Structures are given as C-alpha cells and as structure tokens.
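An overview of the molecular structure
Below, each chain spelled out in residue letters.
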Amino acid sequence: MNPPRIGLRCDAGPRTGVGHLVRCLALGEEFLARGARVELFGTVERVGWASAQLTARGIPVRPGPDTPAGLVEAARRHALDALVLDSYELDPAGAGALRAAGVVTLAIVDGDTRGQDADLYLDQNFGADTPGPAHGLTEEPAGGGAPGAGRAGGRMLAGVRYALLRDAVTTARPAAPPPATPTQRPRVLAFFGGTDAVGAAPVLARVLFDTGHPLELTVVVGRPEIGAALAQVVPGRGQSLHPVTPTDALPTLIGAADLVVSAAGTSTWELCCLGAPAALVCVVDNQRDSYHRVVAHGLAAGLGELPDLVAPGLAGRTARADAARTLRTLLTSPRRRAALAARAWATVDGRGRTRVADALLTRIADRTGVLNP
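For clarity, every value in this text was computed on a predicted model and none was experimentally measured. (Residues numbered from 1 in each chain as written. Predicted model: local features only at pLDDT ≥ 70, side-chain atom pairs only at ≥ 80, totals over all residues. Heavy atoms only, no water.)

1. A word on empty space enclosed by the protein
A water-sized probe rolled over the atoms picks out the places where empty space is left. Scanning the entire structure with this criterion turns up one cavity of 30 Å³ or more. If you add up the space inside the largest cavity, you get close to 30 Å³. If you trace the largest cavity, you find it lined by Leu71, Leu85, Leu90, Asp91, Pro92, Arg114 and Gln116. Of the residues that constitute the lining of the largest cavity, the class distribution is four nonpolar, one polar and two charged. (1 Å grid on protein atoms, 1.4 Å probe; cavity = no way out; pocket = protein on both sides within 12 Å on 5 of 7 lines; lining within 4 Å. Points joined across faces, edges and corners; volume = space filled by probe spheres on them. Nonpolar A, V, L, I, M, F, W, Y, C, P; charged D, E, K, R; others polar.)

2. Quick word on the sheet that holds strand E13 (residues 301–305)
Within the open sheet, the six strands sit side by side as E10-E9-E8-E11-E12-E13. Their pairing is parallel. Of all the strands in the sheet, the pair left with one neighbour each is strand E10 (239–244) and E13. Strand after strand, the sheet turns through a mean of 20° between neighbouring axes, direction not considered. Pairing of strand E12 (residues 278–282) with E13, which is carried by three bridges, proceeds in the parallel orientation. The partner of Leu280 across the bridge, within E13, is Gly302. (Pairing = 2+ DSSP bridges. Helix = DSSP H or I, 4+ residues; strand = E, 2+ residues; numbered from the N terminus. Axes fitted to C-alpha atoms, helices over the stretch in contact; angles between N-to-C directions.)

3. Structural notes on the nonpolar core
In terms of nonpolar packing, the biggest core is built from 37 residues, with Phe31, Val84 and Leu106 touching the most fellow members. Elements with a minimum of two residues in this core: strand E1 (5–9), helix H1 (19–33), strand E2 (37–41), helix H2 (48–56), strand E4 (82–85), strand E5 (104–108), strand E6 (120–123) and helix H14 (352–368). The leading source of residues in this core is H1, at seven residues. Discounting chain neighbours no more than four positions away, the residues touching Val84 are Ile6, Gly7, Leu8, Arg9, Cys24, Leu27, Leu106, Ile108 and Leu360. Formed by 36 residues, the second largest nonpolar core is a distinct cluster that contains Ala190, Val207, Val283 and Leu330. (Core = buried A, V, L, I, M, F, W, Y, C linked by side-chain atoms within 4.5 Å. Buried < 20%, exposed > 50% of the residue type's maximum accessible area, 1.4 Å probe, protein only. Contact = heavy atoms within 4.5 Å.)

4. Concerning the pattern of salt bridges
Counted under the stated rule, the structure contains 26 salt bridges. Among the ionic pairs, Arg166 bridges to Glu270, the shortest N-O distance being 3.3 Å. In this pair, Arg166 sits in the loop between strand E7 (155–158) and helix H5 (167–170) while Glu270 sits in helix H9 (residues 267–274), placing the two residues 104 residues apart along the sequence. Residue Glu270 is classed as buried on the basis of its relative accessible area of 6%. Because the salt bridges share partners, they merge into one network encompassing Glu29, Glu30, Arg34, Arg57, Asp167, Arg353 and Asp358. (Salt bridge = Lys/Arg side-chain N within 4 Å of Asp/Glu carboxyl O.)

5. Examining the sheet that holds E5
With parallel pairing, the seven strands of this open sheet are ordered in space as E3-E2-E1-E4-E5-E6-E7. Looking at the sheet topology across the chains shown, the edges are occupied by strand E3 (61–62) and E7. Pairing of E4 with E5, which is carried by four bridges, proceeds in the parallel orientation. What sits directly across from Leu83, in E5, is Thr105. Its contacts with the sheet place H1 against E1, E2, E4 and E5, and it is angled at close to 165° to E2.

6. Overview of the packing of helix H3 (residues 68–77) against helix H4 (residues 93–100)
Closest axis-to-axis distance for the H3/H4 pair is 8 Å, and the angle between their directions is 40°. For the element pair H3 / H4, the angle class is oblique. Once H3 is placed against H4, the crossing between them reads as right-handed. Contact with H3, carried on its side by Pro68, Leu71, Val72 and Ala75, involves Ala93, Gly94, Ala97 and Leu98 of H4 and no other residues of that element. In terms of residue class, the contact of H3 with H4 is made up of seven nonpolar, one polar and no charged. (Parallel < 35°, antiparallel > 145°, perpendicular 65-115°, else oblique. Left-handed = near helix turned anticlockwise from the far one by under 90°.)

7. Topic: unusual backbone geometry
One non-glycine residue, Ala79, adopts positive backbone phi at about 50°. Within the secondary structure layout, Ala79 lies in the loop between H3 and E4. Its relative accessible area of 46% is what places Ala79 among the partly exposed residues. Although it is not a glycine, Arg114 adopts a positive phi angle of roughly 60°.

8. Considerations on the side chain of Glu30
Counting through the fold element by element, Glu30 comes out in helix H1. Within polar-contact distance, the side chain of Glu30 engages the side chain of Arg353 at 2.8 Å. Excluding its chain neighbours within four sequence positions, the residues that come into contact with Glu30 are Arg353, Thr354 and Ala357. (Polar contact = N/O pair within 3.5 Å; in protein donor to acceptor, adjacent residues only side chain to side chain.)

9. Some points on the packing of aromatic side chains
Tallied over the entire structure, the rule returns zero aromatic pairs. The ring of Tyr162 carries Arg161 above its face, with NZ or CZ at 5.1 Å from the centroid. (Phe/Tyr/Trp six-rings, centres within 6.5 Å; stacked < 30°, edge-to-face > 60°. Lys NZ or Arg CZ within 6 Å of the ring centre and 35° of its normal.)

10. Re the environment of Pro235
By the element assignment, Pro235 lies in the loop between helix H7 (224–230) and E10. Measuring from C-alpha to C-alpha, the distance between Pro235 and Ile6 comes to 48 Å, with 229 residues separating the pair along the chain. If we skip the residues at most four places from it in the chain, Pro235 touches Phe209, Ser240 and Leu241.

11. A look at H2
Here H2 has its buried residues at Trp49, Ala50, Gln53 and Leu54. On an axial view of H2, the arc spanned by its buried residues comes to 135°, and they lie on one face. Seen from the buried face of H2, the exposed residues on the opposite side, beyond 90 degrees, are Gly48, Thr55 and Ala56. Considering only its buried residues, H2 is in contact with H1, E2 and E3. (Arc of directions from axis to C-beta.)

Written out as structure tokens, the structure reads:
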C-alpha cells in the first residue's frame, strides 16, 4: 500500500510573510509522522529560516501553480491524493477544479472562504466555531460529531481546537501555565511574523520604552530594514534592546519571557499553547476579528491596530499613549500577566493538527478506499 501523497500550496516572502507557510509546515510535520509523502508547491522567497525548515524536514519545494488548470496538472503530475490550499491570492475556482479531478482538497481560511468549493475548510481562529454568516458554511460542533454541510458538502473545521502548531511549539508546551513571578526588570520578547512585513517592531519598541519601566527587550528581526530602523530606537534608563535573527529557538525565548508582544496572526495560537502572557497588535485587516475576540475573552491584552499607532498628530499620540499604559500595567503586575497566561494555556491544547490530519486522511480513505496510516 502506497503512502498518501499530500501537497501544500502556499507562499512565503517579505511581502506575504511566513504565516501561511508556518501553519502548513505544522500540518506537514503531522503527515510526515504518519508516513505520508509531503511536498510544498509555492514560492519561498528571501526567507532563509523558512527554507531551512523545509530542508530539515525533507519537504521538497515545487513551483506553485496559480490557476485552476495549473493546480490540477501539478496534482496529476505528482500523483497527489490531497492538496492543502493556504492563500488569499489563488483563484477560488482552484479548489472545485481539484475536487472534480478527484483530488481531496483542504482550504485554510481566515473567516471568508472566498467562494472555494473544497472538501474541507479550516478556520483555526478563536470564535470561528460560533455559527454565523461569515463562512457561508455550517461549522462542525466544537466537540466533534457529524460534519457540517456547506454549499458543496464541504466540512468546516472551525476554532482553535484545530490550530496548526509545529513540533517545536507542542513539545515546549508546559504542563501548567506559568505562575505569577514578580520581577523588577521584566524580560520582554517582541516578534511580528517571520519577516515583519509591515514594520511593526520599531513602532512597538518605542511604545515599550515609552512606558518608562525598566525592561530587557529582545526583538526578532525578520529583515535588514527592520534592524536598521531598530538601531534608531533609543532605550531609556534601565532599559535595553537586543535584536536577534529568526531562530528555531523561538519557543524557548517565549518560555523565558515575562511578557511577549506580537502581531495578532498565526503566532497567537503558539503563544496560547505555550501559556505566554501576551500583548497583541492588529497589523493587517484580516487579523481584526480574531484580535478583538481574543482580547475580549482575556487570552491576551490588546494594544490596538498598527495604522492607529503610526498615525500622525493627536490620534497617533493618543493610540500610542493608550498602548503604553496597557503595557505598563502588564510590566508592573505579575498577577495580570499570570491571569492572561492561564486563560490562554487552557484554550489551545496543541492537538489541533492531529484532528485536521484525521479529517483529511478520512476523506482520502473515503475517496480511494485506502485506510489511514
């Protein structure tokens, strides 16, 4: 019996960031552990860390077709049993074309399914399992059960119980959330995706220093331009700034930090799984709904939206002052940090990719008659 062949269609680069690739990589790790063959179809441009991750796992990178016909041709040429689509830019008709060609299709979405006709849909955002009109699909109940029926019979895997997390994160998950730990000079980690495509790091470094509180700030620098901008940020008394390049040791850095400041993207679920006390900033529009839900439920503190923080005049000064007050409260209150960490840790259990892989392999088995590995 031949092992299933799984394709991952996503891109990574300075403009698109690495969020799509990171969650596909997590799913790829799960399939590899089950004996499947995994290939990535897409462009990994000027992101050395991401390329190294794929190489280390033996996942080959193929050209990424953009058209429905190109997707079908690639699936046939590589004898794929399933193709995972994770992109906002692909033609939505691609999923339906693949299904018609007999290829099981999983579309990873963030709210809007974009009219795709897939076998499975995955929206791993917090609150996505609350029924509503956003997807145009019926969500699967949070505890499992019968699949929901979508416009084309697709099943929606919705909510953080399906969050896709890498081995490096799940193996670092603590047995319990961290307790309240008083410290005079908190260790703060700031990172904003693999490339910080929107240049958030220098903005938030200034806001952190504007708190006036002593702190040790470590910033993950995704691009040389970010490093150059950070070099212009001057710490205050009792404050320090340590830039580091993207690293496999990020979960370790998260675990050692008293506070993490990050974008409200896919890394949110990594922070929750690790029980990290976090403050989030919404850096792009597609993060907005999830950001507000996460903050409203006390899984992380909210620092606002990046366009507001960089706005000129009174509006920008007000937004930055509000964010600085929130950060100062966190820096001075170990109890507040511990409360955020406990709620976050209890919300994401780190087993989401197992559930997603089970659902996809079941679809393959239903279509091919081959049992799950």
